[in-house]
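Observations on the model geometry
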Amino acid sequence: SSRWVGGSTSSPPTLPLLPVGAGAMAGLSGPKAHEVRSALGVDRDLSTQVVLTGTQAAEKPGKHWVDKPNAGYSGTPMWKLALERREQEDAAAPCVKIPEGFKPTQKGSEWYYSEKRQAVTFDVKPSVGGCFHDAAAQVRHVMVRDLQKAGTALRMPLEHLDRPCALYALYEGHRGNPGATGSGNVCAEFCVKNLHLKLLPKLAAFRGYWEDERLQGAMRDSFEELDAEFLERHASSGKSDGCSAAAALLIGDRVVVSSLGDIACLVCFKTGEASELVKAHAAKESDDEDSEDEEEGGASSSGANKEASTDGKPPIRWTRAFGDAEFKAADSSHRLLATPDVAVVHLQNKHQGVAFVCRALYNAIGRAVAVSTVFRRSAGRPRMAAGALVDAAVQWLGQVTDQLGLGSIVVQFEQRHEASSSSDAPPPQKRARKEEIPSQVRLRHILLKHRECKSTVDKVRNKQVKRSRTDAERLLRAVMEEVLSRGEIDKKVFTQRCKELSECQSSLKSGELVGDLGWVKPGKLGQNFDDTAFSLRADPEQTGWGSRSSPMCCRCCRRCRRSCRRGRSTQRPRG
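Keep in mind the model is a prediction, meaning the values are calculated, not measured. (Residues numbered from 1 in each chain as written. Predicted model: local features only at pLDDT ≥ 70, side-chain atom pairs only at ≥ 80, totals over all residues. Heavy atoms only, no water.)

1. Some thoughts on the overall build of the chain
What the chain contains, in helices and strands, is 17 helices and 17 strands. Taken over 575 residues, the chain has a buried fraction of 38%. Look at the contacts in the chain between residues 6 or more apart in sequence, and 67% of them connect residues 24 or more apart. As presented, the chain carries roughly 35,100 Å² of accessible surface, and 51% of it is formed by carbon and sulfur atoms. (Helix = DSSP H or I, 4+ residues; strand = E, 2+ residues; numbered from the N terminus. Buried < 20%, exposed > 50% of the residue type's maximum accessible area, 1.4 Å probe, protein only. Contact = heavy atoms within 4.5 Å. Areas by Shrake-Rupley, 256 points an atom, 1.4 Å probe, with all protein chains shown as cover.)

2. Let's talk about unusual backbone geometry
Across the junction of Arg163 and Pro164, the peptide omega takes the value 0 degrees, indicating a cis bond. Residue placement: Pro164 occurs in the loop between helix H5 (147-153) and strand E5 (165-174). The phi torsion at Asn462 lies on the positive side, around 60 degrees, for a residue other than glycine. Within the secondary structure, Asn462 is located in the loop between strand E15 (457-458) and strand E16 (463-464).

3. Things to note about the environment of Ile263
By the element assignment, Ile263 lies in the loop between strand E7 (254-260) and strand E8 (264-269). Distance from Ile263 to Ala282, taken between C-alpha atoms, is 9.8 Å for residues 19 residues apart in sequence. Other than its neighbours up to four places away in sequence, Ile263 contacts Leu170, Tyr171, Glu172, Ser244, Ala245, Ala246, Phe356, Val357 and Arg359.

4. As for the pairing of E7
Burial runs high along E7: seven of the seven residues are buried. Residues Arg254, Val256, Ser258 and Leu260 line one face of E7 and the alternating positions Val255, Val257 and Ser259 line the opposite face, and both faces are buried. Examined bridge by bridge, strand E6 (residues 242-251) and E7 share seven bridges and lie antiparallel to one another. In the sheet register, Ala247 faces E7, and the bridge partner there is Ser258. Where E6 hands over to E7, the hairpin turn is made up of two residues, of which Gly252 adopts a positive phi near 65 degrees. (Pairing = 2+ DSSP bridges.)

Here it is as structure tokens:
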């Protein structure tokens, strides 16, 4: 039975039942759509009929939805709906921040660029050496062979700079009293400890490409800030010390040379010539052999000389220098400056090196001609070249006082693979072979001790050693010049001098084994020894003189041949 519930007393509409058959889908039962519409009283000819919502029915006719052909529908295309949905998702997602250091290529552009770049390692191998007389108490120096390692230790990364990266500086103090203070020159000591602390933050701050002008500005600002800090710290102490300075910043294939004072800054060429990069900031002395073009800096110093002579202070002949506080005061008649002259040298195959020489030493040895001569005779040995300059000055002057600066720094550059001089030359058929570090070398040496060593006993002659380090180096330089006097190693002279001078027990061996250390591997005798031993050049035919060939014997018994392979041979290899 069924029951009709409604507001009318009439009988409920009758809904016909459709049997399962040909008129219905197989497996489904129920009336068709038109049968349902006819039973509900809907016109059969209409396929659809729009039913108004409450809001639409309340609106007056003529509204926008009535005029549209698809009235009652949004009519928005699917592609537009998909785009709106994508925009909504992008707006809800977190905003992507532009990386630091990137800038838009154009205003409103979606492309960005960065000035940062990867560091380049140039094919330049620098070697540096310095020598200073014992009496030169006011001369100080700094040689930072790896500036990037120093920056990492100070938490100032410099990996973005080109390699090699190094810093060399020479300071010559003046107007100091080493006997009273006991520390040489206060201004020179301050500069040694603080110049890199002014320069490194500037190099670490900018990680883009360093143009020449930017490098010159960094060196100039570092010098001026260093002088201002020294004057501020020692204003109340009344220190009248000052110093001249010369610094070289090596970055890749560029050398930035800064000069303040009268230290000679020279660049040497492989042709045997040498020239000064900057002029001296000092007055011309009576015994100075400078040319007339150097008199420009001396005119401004004449007033300072007169003032110094009246108040009893030592005369000052510098126009630019660190320190010298009384000559930088506002009421001083002669004002000194702390702005250096900066020059940039782009290294090429014609350049051999750079030298910093104290002015007294430079004038005593014969100036640029003597420096170029020493460079040519000591190629590949910068420390020997620096010592030869000091020895020549001592020989000429005779007596050296603490007010006389005798010191020099020599930097030599070696191009591992020199480029072809002809631009039309064809490219090489094979790649250049990389320089390999040998696993072991065989050496002969001459050992001289000095009074600063841990062990000051000559075990060969059983006596106490009293010579200074400077005297020991001077003796060794004389031996090197004698051994290399003919342009190649003279074995007989080396053997003779080794027996006479060497304080190592290896000098007691006989024959060509005099001074022989055998085969030496890295780490056996210390890092400083390894840096020198494994950088020596040797003729492949001259084994036993820094040879890098494997130990072997060509004419010996089978037992000796086995011991040679193990590196324990007591005989000198012939091949």
